[in-house]
Amino acid sequence: MKRSEFSPNGSAVENLIRQTLKKHPSPIMLIRKNMLEKQYRRFRAFLPNITPYYAIKANPHPEVVKTFQRLGAHFDVASASEMNTVLNLGVSPQKIIFANTIKSIEDIQAARKRHVTLMTFDNEPELYKIAKHAPGARVIVRIKVENAGSIVELSLKFGADPEHAVFLLRKAKALGLSPEGVSFHVGSQCVNVENYIHALEVSAAIFKEAKEEGLSLSILDIGGGFPIRHADQDKHAIFETMARTIHSELSRLFDKKIKFIAEPGRFLVGPAGVLITQVIGRTFRNNKNYYYLNDGIYADFSGIVFDHCKYELKTLRRGQRFLSTVAGPTCDSFDTISLSEELPELDVGSVVYAKNIGAYSSASAVPGFNGFAPAKILVV
Ligand SMILES: *Cc1c(COP(=O)(O)O)cnc(C)c1O
């Protein structure tokens, strides 16, 4: 390692990276607890009437779940296995929503056995399954809403037509279930507040229609989607601006007695993550610097594929920048992180890191493709 990389200048994050590398080999996924707390408090401050159910699929690490538990969060799980992760840490089943509209019979039975009674659905066959295997469950209908401008589309696969929502809720009641409310998901990393406004208006109409038909609904679940900044140039305070609008729309459209919940994933955990990698090889091809890192697409940069995410790659080096290709360690050309990074000259051992990579990264990493293990996760 060049001494210049370990000089005491640079930002707090860079100093943390230097300290960490003195004790641990890379790749390392640092999850900073103070950032988890900060994001949780930001959410509570700007959406004070909404109970956050952390969507653990974003990052199911037990220390992350424990941190949110300590802060008082509820949890959104999508499978019996996620349910067990949360329950085994001592979370009360009353604080869990089983928010997958398509559940296997085994998973519905597991929910019943472990007293997780609140779940979402978006179709009639699912209601028959729930009524048979978790009789009396409390159900929330998920409706299809606009996902325009969100980075990850979620309405292509899920959500009932809003026109069918009341019919489905009445059907639930007829089957002996307890119809409790409406949910939606505007798409992940949603920067278009119109999606929320539209979804809230459609939901309010369903609440009204249900009431007219003698069903009184009590829960509105506004899902996830709350955006974070991935790169330094991204706009500041976009969450705050959107949250103010959501907050005022909720009071305009809904009765005060309605219980509001949300399922934030990325927002709570994304900014806490810093991925630290090092260059393991370099070459000059096609008139370009090529750097090979000890982490790639199959592991902690998997969000590039599954989350459609563009991370900002940073180094501890300063100086003139050159167009560079950055690739992962596996023997696969697909394992290319970027074809067009402006990076200073790097050597074997140089650090390349990415911030805001705590969500949908380690969670979707392949355990050991080609023999390369994902980054060690350090919750600090
Ligand atoms: C993935 C998911 C979430 C979390 O979404 P974010 O965009 O990360 O906030 C919430 N609810 C459901 C049902 C999901 O599938």
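How each quantity is defined
- Residues numbered from 1 in each chain as written.
- Predicted model: local features only at pLDDT ≥ 70, side-chain atom pairs only at ≥ 80, totals over all residues.
- Heavy atoms only, no water.
- Domains from an automatic or database assignment.
- Contact = heavy atoms within 4.5 Å.
- Buried area = accessible area lost by both parts, 1.4 Å probe.
- Salt bridge = Lys/Arg side-chain N within 4 Å of Asp/Glu carboxyl O.
- Axes fitted to C-alpha atoms, helices over the stretch in contact; angles between N-to-C directions.
- Helix = DSSP H or I, 4+ residues; strand = E, 2+ residues; numbered from the N terminus.
- Parallel < 35°, antiparallel > 145°, perpendicular 65-115°, else oblique.
- Left-handed = near helix turned anticlockwise from the far one by under 90°.
- Nonpolar A, V, L, I, M, F, W, Y, C, P; charged D, E, K, R; others polar.
- Patch = residues over 30% accessible without salt bridge, like charges linked within 9 Å, V, L, I, M, F, W, Y side chains within 5 Å.
- Areas by Shrake-Rupley, 256 points an atom, 1.4 Å probe, with all protein chains shown as cover.
- Core = buried A, V, L, I, M, F, W, Y, C linked by side-chain atoms within 4.5 Å.
- Buried < 20%, exposed > 50% of the residue type's maximum accessible area, 1.4 Å probe, protein only.
- Phe/Tyr/Trp six-rings, centres within 6.5 Å; stacked < 30°, edge-to-face > 60°.
- Lys, Arg positive; Asp, Glu negative; His and termini not counted.
- Polar contact = N/O pair within 3.5 Å; in protein donor to acceptor, adjacent residues only side chain to side chain.
- Pairing = 2+ DSSP bridges.

Under the domain assignment used here, the protein chain contains domain 1 (3-30 + 271-379) and domain 2 (33-269). At the interface, 18 residues of domain 1 touch 22 residues of domain 2. For the domain 1 and domain 2 pair, buried surface summed over both sides reaches about 1,700 Å², with 59% attributable to carbon and sulfur atoms. Where domain 1 meets domain 2, there are 2 salt bridges. Asp232 is paired through a salt bridge with Lys314; the nearest N and O atoms lie 2.5 Å apart.

Packing of helix 8 (residues 193-212) against helix 9 (residues 238-253) leaves a shortest axis separation of 10 Å and a crossing angle of 15°. As far as their axial angle goes, helix 9 and helix 8 are roughly parallel. Our pair here, helix 8 against helix 9, has a crossing hand that is right-handed. On the side of helix 8, the interface is formed by Val193, Tyr196, Ile197, Leu200, Glu201 and Ala204, while helix 9 contributes Met242, Thr245, Ile246, Glu249, Leu250, Arg252 and Leu253. Looking at the contact of helix 8 with helix 9 residue by residue, the class counts come to 9 nonpolar, 1 polar and 3 charged.

There is a patch of nonpolar side chains on the surface, built from Val305, Phe306 and Phe334 and spanning about 310 Å² of accessible area. With respect to the secondary-structure elements, Val305 resides in helix 11 (residues 303-306).

Bringing the nonpolar core into the picture now. Ranked by internal contacts, the top residues of the largest apolar core, which has 97 residues, are Phe184, Leu220 and Phe226. Top element by residues in this core is helix 8. It accounts for 10 residues. If you count residues domain by domain, this core takes at least three from each of domain 1 (3-30 + 271-379) and domain 2 (33-269). Counting 11 residues, the second-largest nonpolar core is a separate cluster that includes Leu21, Val274, Leu316 and Val351.

To continue, consider the pattern of salt bridges. In the structure shown here, the tally under the stated rule is 20 salt bridges. Glu63 is the salt-bridge partner of Lys33, the closest N and O atoms lying 3.9 Å from each other. One end of the pair, Lys33, is in helix 2 (residues 33-46); the other, Glu63, is in helix 3 (residues 62-71), with 30 residues separating them in the sequence. Among the ionic pairs, Arg252 bridges to Glu249, the shortest N-O distance being 2.7 Å. Taken together, the positions of Arg252 and Glu249, both in helix 9 and 3 residues apart, correspond to about one turn of that helix.

Below, the discussion takes up the packing of aromatic side chains. Under the criterion given, the structure shown has 15 aromatic pairs. Where Phe46 meets Phe239, the ring centres are 6.4 Å apart and the plane angle is 75°; that geometry is what we call edge-to-face. On the criterion of sequence distance, the pair formed by Phe46 in helix 2 and Phe239 in helix 9 is long-range, its members being 193 residues apart. Under the relative-accessibility criterion, Phe46 is labelled partly exposed at 26%.

By the secondary structure assignment, Asp335 is in the loop between strand 15 (321-327) and strand 16 (336-344). Despite its burial, Asp335 remains without a salt bridge, the nearest opposite charge being carried by Arg285 at 13 Å. Among the polar contacts made by the side chain of Asp335, one reaches the main-chain amide nitrogen of Ile297 at a distance of 2.8 Å. Sequence-distant contacts of Asp335, that is, excluding residues within four places in its chain, are made with Gly296, Ile297, Tyr298, Ala327, Gly328, Pro329 and Thr330.

The subject of this paragraph is the pairing of strand 12 (residues 273-285). Sheet topology places strand 1 (residues 28-31) next to strand 12; 4 bridges connect them, and they run antiparallel. Across the sheet, Met29 pairs through a bridge with Leu275, a residue of strand 12. Pairing of strand 12 with strand 17 (residues 351-355), which is carried by 5 bridges, proceeds in the antiparallel orientation. Paired with Val274 across the strands is Lys355, a residue of strand 17.

Let's shift gears to the environment of Leu89. Position of Leu89 relative to the elements: it lies in the loop between helix 4 (80-87) and strand 4 (96-98). Distance in space between the C-alpha atoms of Leu89 and Arg32 is 20 Å, their sequence separation being 57 residues. Contact partners of Leu89, with chain neighbours within four places excluded, come to Pro62, Val65, Lys66 and Gln69.

Moving on, we get to the sheet that holds strand 3 (residues 74-77). Read around the closed barrel, 8 strands run 2-3-4-5-6-8-10-11, paired in parallel fashion. Within the sheet, the average angular offset between the axes of one strand and its neighbour, ignoring direction, is 30°. Bridge analysis of strand 10 (residues 219-221) against strand 11 (residues 259-262) gives 3 bridges, and the strand direction is parallel. Along strand 11, the bridge assignment pairs Asp221 with Ile261. Running over the sheet, helix 2 touches strand 2 (50-55) and strand 11 and is turned about 150° from strand 2.

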